[in-house]
Amino acid sequence: YFNFFIQRRKCTLVVDSVDAERNIRRVFSETLLGPAQFREPEKKSAEQSGIQDNGAPSVNALGIRKYEEEDFAPDFPREAIPDFYKELQHFRIMPNGQELVLETLLKFCHFESAPDSDFRDTLGSPPQIMPKVSSADAGNGDADTSASHTTANRKSIKKTAPKSLTYSQIRWIGDVAKIYPSDAPPEQIAANKTKRVEIFKMPSGTDYILHDIDENNTIVGKVRFSGNVQVSEGISVIGLDGEHQSLSQRQLKIETESTVSSGSEGYEDDDRGGSISHFSESMLPPTFHPPSFGVTVLGNSHGFDKSGSTSGYVLWINGRGVMIDPPPYSSATLEREGIRPRTIVGIILTHCHADHDAGAFQKVLTGSPVVVITTPTIYNSFIRKYAALSSLSPALLKHSHRYKPAVIGEPLRFQGATFHF
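In this report, we go over the structure that sits alongside the text. (Residues numbered from 1 in each chain as written. Predicted model: local features only at pLDDT ≥ 70, side-chain atom pairs only at ≥ 80, totals over all residues. Heavy atoms only, no water.)

**Here we look at the overall build of the chain**
Selection criterion: For helices the rule is a DSSP run of H or I covering at least 4 residues; for strands it is a run of E covering at least 2, with both sets numbered from the N terminus onward. Each residue is placed in one exposure class: buried if its accessible area under a 1.4 Å probe, protein chains only, is under 20% of its type's maximum, exposed if it is over 50%, and partly exposed if it falls in between. Only heavy atoms matter for contacts: two residues are in contact if any of them lie within 4.5 Å across the pair.
Helix and strand counts for the chain come out as 13 helices and 14 strands. For the chain, with 421 residues in total, the buried portion stands at 36%. For the chain, contacts bridging at least 24 residues in sequence account for 58% of all contacts bridging at least 6.

As structure tokens, then:
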């Protein structure tokens, strides 16, 4: 989204499989274009078209659904219901008048196995290095280094995978994906006369090697990286936690260190393993006492702001919290602020954009009981999207939490409070 809407450029996604592309397409279709029922004609018969007795149809003349009946109370004024077909179509129309499609934003690139040696010959080559040979080096066996290394490498491949791979090994054992500049002429691509990036996927499936190729088909840069990414436990909602502890956490830590230090005299470097100088953050007791009624602001910015988090809140009711559109990493941030995970008992979702519901997905996977509150349309979209992202079945994902429908025009009782949507 940032590349397209802010940088004004298309993004190339390198994917491992057809399933990965299909799941990514499903996610972007759901979030960017809207749920399919508001974009595609109904596949129901005329008797199931959703026409109400009062004459206000939920399906338009094109056979495309305008809204879902289950989202609204029976006595909710039908003239006040928004037309989601028109609303989503409005946001899909770009300034040039064309309708936005996934191909406008994304281009998918797959890894492919070399069909023959001719294909391998088109790959980028290492720069030519002229050897420096002197009379002093003539008898030291340097001329046989390449051959001996090749023999050794062949033996090592049969036994165990080497930590460092040679160029020849990479060319032959790894599947490759080629990424070209968007403005590269087809004739230059065919002749290997354009800059590009070649990414090799190793047989392990978790290691990748990237080659930066210039217009002369020469490798000018390379890097090896892992396909497994570990997110730091210290990551947090920007602005709420940041790089520093809260004042209450810092004060409690200072008091704890002072108490422990004063009571540990004479035990330094003894048989008990040394003195205790401080407790870790994870050992600190909760320092937040939820109010009977109040609001904690999780973020007050938008999805493209690098210095702030997307708007999100915790509504406190009778000592328990209800998250509203929690930004990513909200749960971890609140826990570091001294708020126990089980203190959060509900999540309200207003819509299914990642900057508003990613924190909800992270919360339902933590294992602490939580109730998701939203309309049936938003909830079904949430399940479809995150089932695709996580490769979990929708049924399994639904078992990770409880769902309480929010019906527009009907009061909803939760945690001793009444909500009106």
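That covers the picture; the talk isn't over yet.
**Notes on the packing of helix α2 (residues 18-33) against helix α12 (residues 376-390)**
Packed helices, taken two at a time, are described by the angle their axes make and the gap between the axes. The following threshold applies: For helices, the axis comes from a line fit to the C-alpha atoms of the stretch in contact; other axes are also lines fit to C-alpha atoms, and the angle between any two N-to-C directions lies between 0 and 180 degrees. Orientation labels follow simple angle bins: below 35 degrees gives roughly parallel, above 145 gives roughly antiparallel, 65 to 115 gives roughly perpendicular, and whatever is left gives oblique. Two helices that cross are described as forming a left-handed crossing if the nearer one is turned anticlockwise from the farther one by less than a right angle, and a right-handed crossing if clockwise. Side-chain classes follow a simple rule in which Ala, Val, Leu, Ile, Met, Phe, Trp, Tyr, Cys and Pro form the nonpolar group, Asp, Glu, Lys and Arg form the charged group, and the remainder, Gly included, forms the polar group.
Between α2 and α12, the shortest axis-to-axis distance is 8 Å and the interhelical angle comes to 155°. The orientation of α2 relative to α12 falls into the category roughly antiparallel. As for the relative orientation of α2 and α12, their crossing is left-handed in sense. Only S381, R384, K385, A388 and L389 of α12 make contact with α2, whose side of the interface consists of N23, R26, V27, E30 and T31. The class makeup of the residues in the contact of α2 with α12 is three nonpolar, three polar and four charged.

**Structural notes on unusual backbone geometry**
The phi torsion at R8 lies on the positive side, around 60°, for a residue other than glycine. For R8, the position within the fold is in the loop between α1 (2-6) and β1 (11-15). By relative accessible area, which is 66% here, R8 ends up exposed. For Y329, which is not glycine, the phi dihedral falls at a positive 70°.

**Digging into the pattern of salt bridges**
Quick note on the threshold: What makes a salt bridge here is a side-chain nitrogen of Lys or Arg within 4 Å of a carboxyl oxygen of Asp or Glu, nothing more.
This model, assessed by the stated rule, comprises twelve salt bridges. The partner of E103 in a salt bridge is R25, and the shortest N-O contact between them spans 2.8 Å. In this pair, E103 sits in helix α4 (residues 102-105) while R25 sits in helix α2, placing the two residues 78 residues apart along the sequence. A relative accessible area of 41% places E103 in the partly exposed class. Classification of R25 as partly exposed rests on a relative accessible area of 25%.

**Structural notes on α2**
Going by this rule: One less than the number of residues in a helix, times 1.5 Å, gives the span that helix is expected to have.
Between its terminal C-alpha atoms α2 stretches 21 Å, which fits the 22 Å expected from 16 residues at 1.5 Å a residue. Three or more residues of α2 are buried, namely E21, N23, V27, F28, S29, E30, T31, L32 and L33. G34 occupies a position one or two residues after α2 and carries a positive phi of about 105°.

**Side note on the side chain of S330**
Mapping S330 onto the fold places it in helix α10 (residues 330-336). In this structure S330 touches V237, L298, M323 and Q362, once residues within four positions along its chain are discounted.

**Some remarks on the sheet that holds strand β10 (residues 344-348)**
For clarity, the threshold we go by: One bridge is not enough; two strands pair if DSSP finds at least two bridges between them.
As summarised here, the arrangement of the six strands in space is β7-β8-β9-β10-β11-β12, forming an open sheet in which the pairing is mixed. The strands lining the two open edges of the sheet, one partner per strand, are β7 (293-299) and β12 (402-405). Ignoring which end each strand starts from, the neighbouring axes of this sheet average 25° apart. Summarising the sheet, strand β11 (residues 371-374) and β12 pair through four bridges and their orientation is parallel. By the bridge assignment, V372 is partnered in β12 with Y403. Across the face of the sheet, α12 comes into contact with β11 and β12 while running at roughly 125° to β11.

**Focus on helix α3 (residues 84-92)**
Which entries qualify depends on this criterion: Within this analysis, the arc is defined by the directions that extend from the helix axis to the C-beta atoms. Identification of polar contacts relies on pairs of N or O atoms within 3.5 Å, with a donor-acceptor requirement for protein atoms, meaning one able to donate a hydrogen and the other able to accept it, and with residues adjacent in sequence counted only if both atoms are side-chain atoms.
Buried residues of α3: Y85, L88 and R92, and no others. The buried residues of α3 all sit within an arc of 80° when viewed along its axis, so they share a single face. Turned more than 90 degrees away from the buried face of α3, the exposed residues are K86, H90 and F91. Its side-chain oxygen 3.1 Å from the backbone nitrogen of Y85, D83 forms the N-cap of α3.

**Some remarks on a nonpolar patch on the surface**
To keep it simple, the criterion reads: For patch building, the residue pool is restricted to those with more than 30% relative accessible area and no salt bridge; the joining distance is 9 Å between like charges and 5 Å between nonpolar side chains (Val, Leu, Ile, Met, Phe, Trp, Tyr). Using the Shrake-Rupley algorithm and a 1.4 Å probe, accessible areas are obtained, with residue cover drawn only from the displayed protein chains.
On the surface, Y1, F2, F5, I6 and F304 cluster together into a nonpolar patch covering about 440 Å² of accessible area. For I6, the location among the structural elements is in helix α1.

**Points about the nonpolar core**
This is how it is decided: By nonpolar core is meant a set of buried Ala, Val, Leu, Ile, Met, Phe, Trp, Tyr and Cys residues that side-chain atoms within 4.5 Å join together.
Counting 23 residues, the largest nonpolar core has V314, L334, I347, L349 and F382 as the members making the most contacts within it. Those elements that place two or more of their residues in this core are β8 (312-317), β10, α11 (354-364) and α12. Among the elements that make up this core, the one with the highest residue count is α12 (six residues). Leave out the neighbours within four places in its chain, and V314 touches G294, V295, T296, L298, G321, V322, M323, L334 and I344. Ranked by size, the runner-up nonpolar core spans twelve residues in total, among them V371, A406, F414 and F419.

**A word on the packing of aromatic side chains**
For the record, the criterion: Aromatic rings from Phe, Tyr and Trp, with only the six-membered ring used for Trp, were paired whenever their centres fell within 6.5 Å, and each pair was classed as stacked if the ring planes differed by under 30 degrees, edge-to-face if by over 60, and tilted otherwise.
Enumeration over the complete set of coordinates arrives at twelve aromatic pairs. Consider the rings of Y379 and Y403, whose centres lie 3.8 Å apart with planes at 10°: the pair is stacked. With Y379 in helix α12 and Y403 in strand β12, this pair connects stretches of sequence that are 24 residues apart. Note on Y403: relative accessible area 26%, which makes it partly exposed. Where F382 meets Y386, the ring centres are 5.0 Å apart and the plane angle is 55°; that geometry is what we call tilted. Remark: Y386 and F382 occur in helix α12; sequence separation between them is four residues, near one turn of the helix. For F382, a relative accessible area of 1% translates into the label buried. Cluster of aromatic residues (ring-pair linked, three or more members): Y1, F4, F5 and F28.

Remember that the coordinates give geometry; whether it matters functionally is a separate question.
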